[in-house]
Amino acid sequence: MHALHQVFRTFFYPHSFRLSLPDVWAGFQLNLKMMVIAEALVLVLALALAIVRGLPGPAARPLRVLAIVYTDFFRGTPLILVAFIVGFGVPGLQLGYISNQHVIVYGITALTLVYTAYVTEVYRAGIESVHPSQRAAARSLGLTYAQTMRYVVVPQAVRRVIPPLLNDFVGLQKDTAIISVIGVGEATQLAQQFSTQNNDFPSLVAAAVFFILLTIPLARFTDHLVAERERRERAQAF
Amino acid sequence: MSSNGSTPFVHMQGVSKWFGSLNVLDHIDLDVPEHNVVCLIGASGSGKSTLLRCINRLERIEEGEITVDGQQITDPKLDVNVLRRKVGIVFQAYNLFPHMTVLQNVTLAPRKAGGFSRDGAEGQARGLLRRIGLEAKADEYPDRLSGGQQQRVAIVRALAMGPKVLLLDEITSALDPQLVSEVLALVRELAESGMTMILATHEMGFAREVADKVCFLDAGRILEEGSPAQIFTEPREPRTREFLARVLEAEKLA
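Given the structure is predicted, the values throughout are model-derived calculations rather than measurements.

1. A few points about the overall build of chain B
Assigned secondary structure in chain B consists of nine helices and 10 strands. Relative to the globule expectation of 18 Å for 254 residues, the C-alpha radius of gyration of chain B, 18 Å, shows essentially globular dimensions. For chain B, the spread of C-alpha atoms along the three principal axes comes to 55 × 50 × 35 Å. When each of the 254 residues of chain B is scored for burial, the buried share is 55%. If you take every contact in chain B between residues at least 6 apart in sequence, the share linking residues at least 24 apart comes to 65%. Approximately 11000 Å² of chain B is accessible, and the part contributed by carbon and sulfur atoms is 47%. Separation between the mean location of the 29 positive side-chain charges and that of the 34 negative ones in chain B comes to 5 Å.

Quick look at the structure:
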């Protein structure tokens, strides 16, 4: 009984919980901001990179290699390292405008660099899943390679990868917490400060609740899309 | 070569192609005059589809030459997109774009590659769809249509670019038997209107009815060619006789 009380007192004490909420919420708004901007950037950049990776012909080889090097590098490097390198390294370069950004800009940059690498692979899988006969049909009608990608391949690919794409975004949302290491006062960091000052943990639980509340709807929405597609594909099979 | 009336619209000479070590086309010579219908018959894997796909440069050839409307299509300077506006192709599996409505399927190429305005393309598309009795399906997605309807839309999609020759690659092979006739009726109508066509087909009765010339392909070669009457009633080659006997047998069983 005592132990249970101890657990409650340490993690869920309503008074501390309430007291920490304004701070944690203020921090969480930064998480939201980083998440929204990084996701928008990732959506566009990753698609461009995936298209570059699929370009045909020997002339495009250097571009393809560049895209491969990029994805290999940023998929293989832990986000926390990228955050350190961008967050501390770039300001240290003293390159005027580039080196004088708000720390949150470096945070968003680190998130975008890493997640673009992941999402490029997702898009690429989608593009490759579009049957070659679709390209053959489009090219046979006199559409150029670019038109075929724009109107026939990419729209079908994007539709197919929405569930895994949203899955990666759940990861991105949580990883905004890592950006605290370069001094962005986001939810985790403020919660931790509060926790240290008060020697209890409800503030951290509060931060966790915010993250969970954000990801659950996205996860359910993803499930819904997957189920919807399965239903449609079954309907087509008959 | 000039494009006057006496030269065949599609001319193939000594065309060979390999997939790795497999010789899929072996010195093909074929002439298709304007307004003619040529049927390619032969077993699966005999090279019929590959032959068609070489004519619109979906496949490259290793040897020989192909001219379409007097133009060398193996010329590296050739703009394939211009060639493909002249050469329509319809596939066995329809290959409609599943994320677009019927109308969008038909208008995409005219708008983006044919210089049509949106209104112009849609007007033309609706006219074509009306001709095949599918105007009411213009705003449906392909998966709401039967196979026969989808294939007719695919034909109309090819026609919307105003091609001068139409390549039909076993366009009824994926269809339920009761849906075959509606597609063949449309092809018959096109043949009567003077469309130059090359068909790869397993429909022997239909080939006999519409073809000006029938070619029997075997292992990448045109083993025998002639009028439908000659090929179907007195084939010279034993392989042709064998093939036709097998097809007839299969048709009886079906």
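2. Looking at the packing of helix 2 (residues 14–54) of chain A against helix 7 (residues 145–175) of chain A
Residues and elements named next belong to chain A. Close contact between helix 2 and helix 7 brings their axes to 10 Å; oriented N to C, the two are set at 135°. Considering their axes alone, helix 2 and helix 7 lie oblique with respect to each other. Like other packed secondary-structure pairs, helix 2 and helix 7 cross with a definite hand, here right-handed. Taken together, the residues of helix 7 that come into contact with helix 2 (itself represented by Met35, Ala38, Glu39, Val42, Leu43, Leu47, Ile51 and Gly54) are Tyr145, Met149, Val154, Leu165, Phe169, Leu172 and Gln173. Looking at the contact of helix 2 with helix 7, its residues break down into 12 nonpolar, two polar and one charged.

3. Overview of the interface of chain A and chain B
Of the residues lining the interface, 19 residues belong to chain A; the matching set on chain B comes to 23 residues. Buried surface at the junction of chain A and chain B, both sides included, amounts to about 1700 Å², of which 61% is carbon and sulfur. The largest share of the area that chain A buries against chain B comes from Ser140(A), Leu141(A) and Tyr151(A), three residues that together contribute 35% of it. On the surface where chain A and chain B come into contact, there are six residue pairs in polar contact (both at pLDDT 80 or more). Of all the elements, helix 6 (residues 132–140) of chain A adds the most residues to the side of chain A that touches chain B, at seven residues. Classifying every residue of the side of chain A that touches chain B gives eight nonpolar, eight polar and three charged.

4. A look at the packing of aromatic side chains
Pairs of aromatic rings are described using the distance from one ring centre to the other and the angle between the two planes. Tallying each qualifying case throughout the model produces 11 aromatic pairs over all chains. Centroid distance Tyr70(A) to Phe74(A): 4.8 Å. Interplanar angle 45°. Geometry classified as tilted. Here Phe74(A) and Tyr70(A) lie together in helix 3 (residues 61–76), a separation of four residues that amounts to about one turn. Residue class for Phe74(A) comes out buried when judged on its relative accessible area of 13%. With a centroid separation of 5.2 Å and an interplanar angle of 40°, the aromatic rings of Phe216(B) and Phe243(B) are classed as tilted. Taken together, the positions of Phe216(B) in strand 9 (residues 213–218) and Phe243(B) in helix 9 (residues 238–253) put the pair 27 residues apart, joining distant regions of the chain.

5. Quick word on the sheet that holds strand 4 (residues 63–68) of chain B
Residue and element names in this part refer to chain B. Here four strands make up an open sheet; going across it, the order is 2-1-4-5 and the pairing antiparallel. Unpaired on one side and paired on the other, strand 2 (22–32) and strand 5 (71–72) mark the two borders of the sheet. Bridge analysis of strand 4 against strand 5 gives two bridges, and the strand direction is antiparallel. Across the sheet, the residue bridging to Val68 is Gln71, located in strand 5.

6. A look at the nonpolar core
Core analysis: the biggest nonpolar cluster contains 51 residues, and Ile41(B), Leu129(B), Ile155(B) and Met197(B) have the highest contact counts within it. Per-element accounting of this core gives the leading share, eight residues, to helix 6 (residues 177–192) of chain B. Each residue touching Ile155(B), except ones within four places of it in the same chain, is listed here: Val90(B), Ile171(B), Val183(B), Leu186(B), Val187(B) and Leu190(B). In terms of nonpolar packing, the next biggest core, distinct from the first, is built from 43 residues, Leu143(A), Val68(B), Met100(B) and Met161(B) among them.

7. Notes on the pattern of salt bridges
Side-chain pairing between opposite charges can occur once the charged atoms of the two side chains come close. Inspection of every chain in the model, using the stated rule, returns 17 salt bridges over all chains. Among the salt bridges present, the one from Glu209(B) reaches Arg188(B), with a minimum N-O distance of 2.4 Å. Of the two residues, Glu209(B) sits in helix 7 (residues 204–210) while Arg188(B) sits in helix 6, which places them 21 residues apart along the sequence. A single salt-bridge network, built from bridges that share partners, covers Arg53(A), Glu121(A), Arg124(A) and Glu128(A).

Rules of the game
Residues numbered from 1 in each chain as written. Chains lettered and ligands numbered in written order. Predicted model: local features only at pLDDT ≥ 70, side-chain atom pairs only at ≥ 80, totals over all residues. Heavy atoms only, no water. Helix = DSSP H or I, 4+ residues; strand = E, 2+ residues; numbered from the N terminus. Rg over C-alpha atoms; globule rule 2.2 N^0.38 Å. Buried < 20%, exposed > 50% of the residue type's maximum accessible area, 1.4 Å probe, protein only. Contact = heavy atoms within 4.5 Å. Areas by Shrake-Rupley, 256 points an atom, 1.4 Å probe, with all protein chains shown as cover. Lys, Arg positive; Asp, Glu negative; His and termini not counted. Charge placed at Lys NZ, Arg CZ, Asp CG, Glu CD. Axes fitted to C-alpha atoms, helices over the stretch in contact; angles between N-to-C directions. Parallel < 35°, antiparallel > 145°, perpendicular 65-115°, else oblique. Left-handed = near helix turned anticlockwise from the far one by under 90°. Nonpolar A, V, L, I, M, F, W, Y, C, P; charged D, E, K, R; others polar. Buried area = accessible area lost by both parts, 1.4 Å probe. Polar contact = N/O pair within 3.5 Å; in protein donor to acceptor, adjacent residues only side chain to side chain. Phe/Tyr/Trp six-rings, centres within 6.5 Å; stacked < 30°, edge-to-face > 60°. Pairing = 2+ DSSP bridges. Core = buried A, V, L, I, M, F, W, Y, C linked by side-chain atoms within 4.5 Å. Salt bridge = Lys/Arg side-chain N within 4 Å of Asp/Glu carboxyl O.

Geometric values such as these leave the question of function open.
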